[in-house]
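Overview (structure and organization)
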Amino acid sequence: MPMDVAPTRSGCSEASAPSRPRTRNKPARTLLQGALAAITMLLLLSSTAAARRTSSRDAETAGGTTLKVLSSRADLVVDGEALLEITVPTGEEAHNVTVTVGGQDETSAFAVQSEQSLRGVVTGLLEGPNIVEAKLADGTGAKITLTDHPQGGPLFAGPQVQPWTCPAGALDSQCDQPATYKYVYRSTNPENKALQPYNPESPPEDVATITVNGQTVPYVVRTETGYQDRDQYSISVLYNPNEPWSAVSPQSQFDHKMLITHGSSCGVAYESGTPPGTLTSESGGVEWALENGWVVMSTAMDNSGHDCDVVTQAESIYMAKQRVIDQYGTLRYTIGIGCSGGSLTQQWVANAYPGIYQGLLPTCSFPDAWSASNQVVDYHLLNYYFAHKEEWGSGVTWTPQQEAAVDGDPTTKNALVADAGFFHGAEPGYACPGTTTEDRYNPTTNPGGIRCSTADFAINVFGERPESEWGPEEQALGHGFAGLAYDNVGVQYGLAALREGKITPSEFADVNGRIGGVNPETIAVDPSRNVADPTALKNAYRSGMINETNNLNQVAIIDCRGPNPEQAHDAYRAFAVRERLQREHGTSANQLIWEGPLALRAATDCQSQGLVAMDSWLSKVEADAREVPLATKIIADRPSELGDRCYNEAGEVLNAHSICGTSVVPLYPSPRMVAGESITTDDTQCRLQALKRSSYAYSFSDSEWAVLKSAFPTGVCNYKKLGVFQKPTIPWLTYQTASGQVIYGGKPMRREPVSKPLRKH
């Protein structure tokens, strides 16, 4: 059975709960000592429980005719088409089946695959429910309802942000337009190293050939470009112009695997964009994938710099995968690849919508945007404090080394780069693409304007602020802005620096007394610390905006990790994912970390090597027919030669079974880690404990203690406990009702519709 299948509620519900109590664990690097023991333990697990979890679909249709959607869930069909498989019981013959869609005969769309099965793409579905029936000669068979959604979306992300600017050529306000196709080829002329334009109507004579899956074909790549969900997608594949290609009968070089390329950064746009390249990509591995018969796909919305919202990213990728399967054929597995914002997309989508990916290749990685945002806002506040230290009049002085000790970095440059590069995501008045000065939000002159903060872009997820908290702008508009999922109440900035004697008690008291918070509208630094909106924070966890990794054990991960030379892509984040996995599942053996001295990326070809290794890994998982959980297979079937890895400066593998260590890739803490948070860094609003003078091994003056009492009136963080509202991600949430109305915070999708038997009349 292919690994890359449409996810079902029955397949997701098991993953929604953690497999062990969610407690704090030892530092991430100590986890390596237990990896072999964890693998051994999982191999000994009984398969009895897995055998009991027989799919409801199989139970309902056992022994009879079945209808199955191969390209999506039956209720999440897009653009009027779907690839179906019909299976008939033993003793019947597939060629005797008659297929109707809405009462119209569509039998000719199906081709026999075996004596008991046939496949076909049904097209022309009407928006809404469509009944498909497969009948045998005696009138028995099966029926299923396909619910079609428009190509322009939405599918499950809820009402789309407005206004939205479509590109030239759009046929409607949803940016719909026909797909276009371009071709390039590899020349036999050694001087033409780049791929050359190819015209199918007038083929050049110097087209090279390539052998894939035992078939020698012209080295021609076709790229399809189209629009879904109001934005652009791109699909590239090695393509023989001399042969037809359909989902039922793909060309022989197609290996039924897909690589998704991703973008960078974290931001929003109110206009259509272009997807990260599927022919040329900074990610690496694209050429290898194409030359081995893979589909390479991306969407503009899987680019976090264009769309930093886990739900709309997942929706866009899900729709594009349907397009691939409906047009090119079924997929054995899908692998994501990308750095920075590209790593973010892979990891939070894989956790919030398990089944979209089977393998991840993150580089310079982030687990998610919203746990990382704590560090960015902390840096912003600390930068402001240190920049104004001469104005405080407190007599406290700071050296650069002391400032760095509070930041957590040997220098303060990482804080400056992160602030300059990422803080704009919190600004509702930021000049994001698709907006102008006239139509963009301004708290004074245009409070009803377009808001460019990542929270407001994802307001379906976070929900509106409660009316009791509305400011003047919201009161005038009659609705709330997106709630704030940031909190720094109780955070003792510089605590570790104080304990290590790097800062004095007076400096510790001063920074905590003056740090304040950020006004979410004006983005000015306020004297009061920020208190998270309860609804927004709950939704951040349940949606996967904060990635708790409770479903991330269902993918294989190879994380390429180099040092962070003051570029705001902290090396500890790969280990944050590892520690979260350990907390949720008792093991992190599905994640490998490949380290090396090349900044951010470990080694030049780390991702390319990772793609080859991931292909080997997933092929073994695919071949594992045991009735055990997928998470167990991923760990047990990892090839023995694959482990954590250490590269040298030449890109050679020094050690194939252990990381390089902190001498090569230092792990510098965030300000919250300096304040006592663990390396998981996903505790946004900490539990509080009383401020006690006896808790410190330092002598505070009465005036300094008074400052601390004023800074922490409700207590200080107790990081030994999980944070407020910190619970596992709920997989496969939908943010819209059947009629398209918003569901703030989302709700779990209903059980996937399955085929039902047709009885004799």
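Coordinates for the structure precede this section.
Cut-offs applied
- Residues numbered from 1 in each chain as written.
- Predicted model: local features only at pLDDT ≥ 70, side-chain atom pairs only at ≥ 80, totals over all residues.
- Heavy atoms only, no water.
- Helix = DSSP H or I, 4+ residues; strand = E, 2+ residues; numbered from the N terminus.
- Rg over C-alpha atoms; globule rule 2.2 N^0.38 Å.
- Areas by Shrake-Rupley, 256 points an atom, 1.4 Å probe, with all protein chains shown as cover.
- Lys, Arg positive; Asp, Glu negative; His and termini not counted.
- Charge placed at Lys NZ, Arg CZ, Asp CG, Glu CD.
- Pairing = 2+ DSSP bridges.
- Contact = heavy atoms within 4.5 Å.
- Axes fitted to C-alpha atoms, helices over the stretch in contact; angles between N-to-C directions.
- Disulfide = S-S within 2.5 Å.
- Buried < 20%, exposed > 50% of the residue type's maximum accessible area, 1.4 Å probe, protein only.
- Parallel < 35°, antiparallel > 145°, perpendicular 65-115°, else oblique.
- Left-handed = near helix turned anticlockwise from the far one by under 90°.
- Nonpolar A, V, L, I, M, F, W, Y, C, P; charged D, E, K, R; others polar.
- Core = buried A, V, L, I, M, F, W, Y, C linked by side-chain atoms within 4.5 Å.
- Polar contact = N/O pair within 3.5 Å; in protein donor to acceptor, adjacent residues only side chain to side chain.

Overview of the overall build of the chain
When you go through the chain residue by residue, the secondary structure sums to 21 helices and 30 strands. The C-alpha radius of gyration of the chain comes to 27 Å, within 12% of the 27 Å expected for a compact globule of 761 residues. Dimensions of the chain, computed from the C-alpha atoms along their principal axes, are close to 90 × 60 × 60 Å. A total of about 29,700 Å² of accessible surface is found on the chain, and carbon and sulfur atoms cover 51% of it. Taking the 59 positively charged and 84 negatively charged side chains of the chain as two groups, their mean positions are separated by 9 Å.

Considering the sheet that holds strand 19 (residues 359-363)
Pairing is mixed in the open sheet, where 12 strands are placed in the order 11-10-14-15-17-16-18-19-22-23-24-25. Strands at the two margins of the open sheet, each flanked by one partner only, are strand 11 (196-197) and strand 25 (653-655). The sheet contact formed by strand 15 (residues 231-238) and strand 17 (residues 295-299) spans 5 bridges and is antiparallel. For Ser-234, the partnering residue across the bridge sits in strand 17 and is Ser-298. Relative to strand 22 (residues 556-561), helix 18 (residues 606-623) is tilted by about 165°, and along the sheet it contacts strand 16 (257-261), strand 18 (333-339), strand 19, strand 22, strand 23 (591-595), strand 24 (645-647) and strand 25.

Describing the state of the cysteines
Scanning all chains against the criterion turns up 7 disulfides. In this model, Cys-266 is linked to Cys-308 through a disulfide, with the two sulfur atoms separated by 2.0 Å. Because the torsion about its S-S bond is -100°, the bridge between Cys-266 and Cys-308 counts as left-handed. Taken together, the residues Cys-266 in the loop between strand 16 and helix 5 (286-291) and Cys-308 in the loop between strand 17 and helix 6 (310-328) connect sequence positions 42 residues apart. Cys-308 shares its class with Cys-266; the two are buried. Across a sulfur-sulfur distance of 1.6 Å, Cys-339 and Cys-364 are joined as a disulfide pair. Within this pair, whereas Cys-339 is found in strand 18, its partner Cys-364 is found in the loop between strand 19 and helix 8 (370-387), the two being separated by 25 residues in sequence. Cys-364 carries the same exposure label as Cys-339, and that label is buried.

Some details on the packing of helix 8 against helix 9 (residues 400-407)
Look at helix 8 against helix 9: their axes get within 11 Å of each other, and the N-to-C directions meet at 160°. With respect to their mutual orientation, helix 8 and helix 9 come out roughly antiparallel. Every pair of crossing elements has a handedness; the one defined by helix 8 and helix 9 is right-handed. When helix 8 is examined against helix 9, the residues Tyr-379, Leu-382 and Phe-386 are found in contact with a partner set consisting of Glu-403, Val-406 and Asp-407. Tallied by class, the residues present in the contact of helix 8 with helix 9 amount to 4 nonpolar, no polar and 2 charged.

Examining the nonpolar core
Counting 72 residues, the largest nonpolar core has Phe-156 and Tyr-353 as its most contacted members. The biggest single contributor to this core is helix 6, with 10 residues. Apart from residues no more than four positions distant in its own chain, Phe-156 is found in contact with Leu-76, Val-311, Ala-314, Glu-315, Tyr-318, Tyr-353, Trp-732, Leu-733, Thr-734, Tyr-735, Gln-736 and Met-749. Core analysis: the next-biggest nonpolar cluster, separate from the first, contains 36 residues, Val-377, Leu-382, Tyr-385 and Tyr-696 among them.

What to know about the sheet that holds strand 6 (residues 110-114)
Across the sheet, 4 strands lie side by side as 1-3-7-6; this open sheet has antiparallel pairing. The open sheet has two edge strands with one neighbour each: strand 1 (66-69) and strand 6. Neighbour-to-neighbour, the strand axes of the sheet open up by a mean angle of 25°, direction not taken into account. Taken together, the 4 bridges between strand 6 and strand 7 (residues 117-122) define a ladder with antiparallel strand orientation. Across the sheet, residue Val-112 finds its bridge partner in strand 7, namely Leu-118.

Comments concerning helix 16 (residues 534-543)
By the burial criterion, the buried members of helix 16 are Ala-536, Leu-537, Asn-539, Ala-540, Tyr-541 and Ser-543. Tucked into the core, helix 16 has its buried residues touching helix 6, helix 7 (341-352), helix 12 (459-462), strand 28 (733-736) and strand 29 (742-748).

Considerations on the environment of Arg-451
Mapped onto the elements, Arg-451 comes out in the loop between helix 10 (413-422) and helix 11 (454-457). Note: C-alpha distance between Arg-451 and Asn-189 (262 residues apart in sequence) is 52 Å. With residues up to four places along the chain from it excluded, the contact list for Arg-451 reads Tyr-270, Pro-428, Tyr-441, Asp-456, Phe-481 and Glu-521. In terms of polar contacts, Arg-451 uses its side chain to reach the side chain of Asp-456, at 2.8 Å. Side chain to side chain, Arg-451 and Glu-521 meet in a polar contact 2.8 Å long.

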